[in-house]
Amino acid sequence: SQKIEQNSEALNIQEGKTATLTCNYTNYSPAYLQWYRQDPGRGPVFLLLIRENEKEKRKERLKVTFDTTLKQSLFHITASQPADSATYLCAPDTGRRALTFGSGTRLQVQP
Amino acid sequence: GAGVSQSPSNKVTEKGKDVELRCDPISGHTALYWYRQSLGQGLEFLIYFQGNSAPDKSGLPSDRFSAERTGGSVSTLTIQRTQQEDSAVYLCASSLDPGVVSDEQFFGPGTRLTVL
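Report on the accompanying structure. Computed from a predicted model, the values in this text were never measured in an experiment.

Each helix and strand counted, chain B has zero helices and 10 strands in total. Scanning chain B from its N terminus toward the C terminus, one meets helices and strands in the order β-β-β-β-β-β-β-β-β-β. Whereas a compact globule of 116 residues would reach a radius of gyration of roughly 13 Å, chain B reaches 14 Å, a difference of no more than 12%. On the principal axes, the C-alpha backbone points of chain B span a range of 40 × 30 × 25 Å. The burial tally for chain B puts 47% of its 116 residues in the buried class. Counting only contacts in chain B whose residues sit at least 6 apart along the sequence, the fraction spanning at least 24 positions is 56%. Accessible surface for chain B amounts to roughly 5,600 Å². Of this, 46% is attributable to carbon and sulfur atoms. Between the averaged position of the 10 positive side-chain charges in chain B and that of its 13 negative side-chain charges there is a distance of 7 Å.

Dropping the structure here:
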């Protein structure tokens, strides 16, 4: 069955460093993958989408890569700030309109 | 413009009672989704509405759960005979055009349901 894995342990980094979060999927080949940010008590907010034919996508300090061979997407935040602290969710396409999310990785950026 | 709104923001109920959760999607969005997020669990799909098509109910966990969408806009999620395991945050999302498979979803703030 399709499986989506994100590191369930929180990631703690210092302000100014680059945060790298991982999303692995198994047993299928998504046509695209979305990343969302979720703050406590709020719904997820869309950040970026990357398609299977794109190796990399950037938006301001965010960068997403998509390696269809490794079945992995990496989400990078450069020059991280305390305001980047949140839970980040990946949602690889599963062939249906509703999203299937990974469990999310909580990022904590220390000032 | 206004985002997706949900009401109530919090709901405490007793086991066995019925509850109704409401979602107002973004105006003009044709697709509406309900998800559930339990403590320590990821976001779980419940049901999806698209225009006048029959909804995709494949995520509903039991027949105690139902949802309707009136006039292609507002949606109500109903849970009958609530159980303690129904306690979770119920999130609603809408999207503009799911004919575009990569259509971004806009989420509401959620309704936190606590079943005592």
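Let us keep going from here.
Residue and element names in this part refer to chain B. The strand order across the open sheet formed by four strands is β1-β3-β7-β6, and the pairing between neighbours is antiparallel. Two strands lie at the open edges of the sheet, namely β1 (5-7) and β6 (65-69), each paired on one side alone. Pairs of neighbouring strands in the sheet enclose a mean axial angle of 15°, with direction left out of account.

As a rule of thumb, nonpolar side chains are buried together in soluble globular proteins. A:Leu33, A:Trp35, A:Phe75, A:Ile77, A:Tyr88 and A:Leu107 are the most contacted members of the largest nonpolar core, which has 22 residues in total. Listed by contribution, the elements that provide at least two residues to this core are β3 (19-26), β4 (32-38), β5 (45-51), β7 (62-67), β8 (72-77), β9 (86-92) and β10 (105-110) of chain A. Looking at which element gives the most residues to this core, the answer is β3(A), with four residues. The residues touching A:Ile77, leaving out its near neighbours within four places in the chain, are A:Lys17, A:Thr18, A:Ala19, A:Arg61, A:Leu62, A:Asp84, A:Tyr88 and A:Leu107. Counting 20 residues, the second largest nonpolar core, distinct from the first, contains B:Leu32, B:Trp34, B:Phe49 and B:Val115.

Residue and element names in this part refer to chain A. As judged from the four bridges shared by strand β6 (residues 56-59) and β7, these two strands associate in the antiparallel manner. By the bridge assignment for β7, Lys57 is matched with Val64. Between β6 and β7, which follow one another and run antiparallel, lie two residues, and Glu60 among them has a positive phi close to 55°.

As a further point, take the state of the cysteines. Overall, the coordinates contain two disulfides over all chains when judged by the stated rule. The disulfide partner of A:Cys23 is A:Cys90, and the S-S distance across this bridge is 2.0 Å. In this structure the cystine formed by A:Cys23 and A:Cys90 twists about its S-S bond by roughly 65°; its chirality is therefore right-handed. Of the two residues, A:Cys23 is situated in strand β3 and A:Cys90 in strand β9; the sequence distance between them amounts to 67 residues. Exposure class is identical for A:Cys23 and A:Cys90. Each is buried. A disulfide bridge connects B:Cys23 with B:Cys92, and the sulfur atoms are separated by 1.9 Å. When the S-S torsion is -65°, as for the bridge of B:Cys23 with B:Cys92, the disulfide is left-handed. In this pair, B:Cys23 sits in strand β3 (residues 19-24) while B:Cys92 sits in strand β8 (residues 88-95), placing the two residues 69 residues apart along the sequence. By the burial criterion, B:Cys23 is buried, and B:Cys92 matches it.

It is worth spelling out the pattern of salt bridges at this point. All names here are of chain A. Across all of its chains, the model carries nine salt bridges over all chains by this definition. Salt-bridge contacts for Asp39 lead to Arg37; the nearest nitrogen and oxygen are separated by 3.0 Å. On the basis of relative accessibility, which here comes to 24%, the residue Asp39 falls in the partly exposed class. Glu54 is paired through a salt bridge with Lys57; the nearest N and O atoms lie 3.8 Å apart.

Rules and cut-offs
Residues numbered from 1 in each chain as written. Chains lettered and ligands numbered in written order. Predicted model: local features only at pLDDT ≥ 70, side-chain atom pairs only at ≥ 80, totals over all residues. Heavy atoms only, no water. Helix = DSSP H or I, 4+ residues; strand = E, 2+ residues; numbered from the N terminus. Rg over C-alpha atoms; globule rule 2.2 N^0.38 Å. Buried < 20%, exposed > 50% of the residue type's maximum accessible area, 1.4 Å probe, protein only. Contact = heavy atoms within 4.5 Å. Areas by Shrake-Rupley, 256 points an atom, 1.4 Å probe, with all protein chains shown as cover. Lys, Arg positive; Asp, Glu negative; His and termini not counted. Charge placed at Lys NZ, Arg CZ, Asp CG, Glu CD. Pairing = 2+ DSSP bridges. Axes fitted to C-alpha atoms, helices over the stretch in contact; angles between N-to-C directions. Core = buried A, V, L, I, M, F, W, Y, C linked by side-chain atoms within 4.5 Å. Disulfide = S-S within 2.5 Å. Salt bridge = Lys/Arg side-chain N within 4 Å of Asp/Glu carboxyl O.

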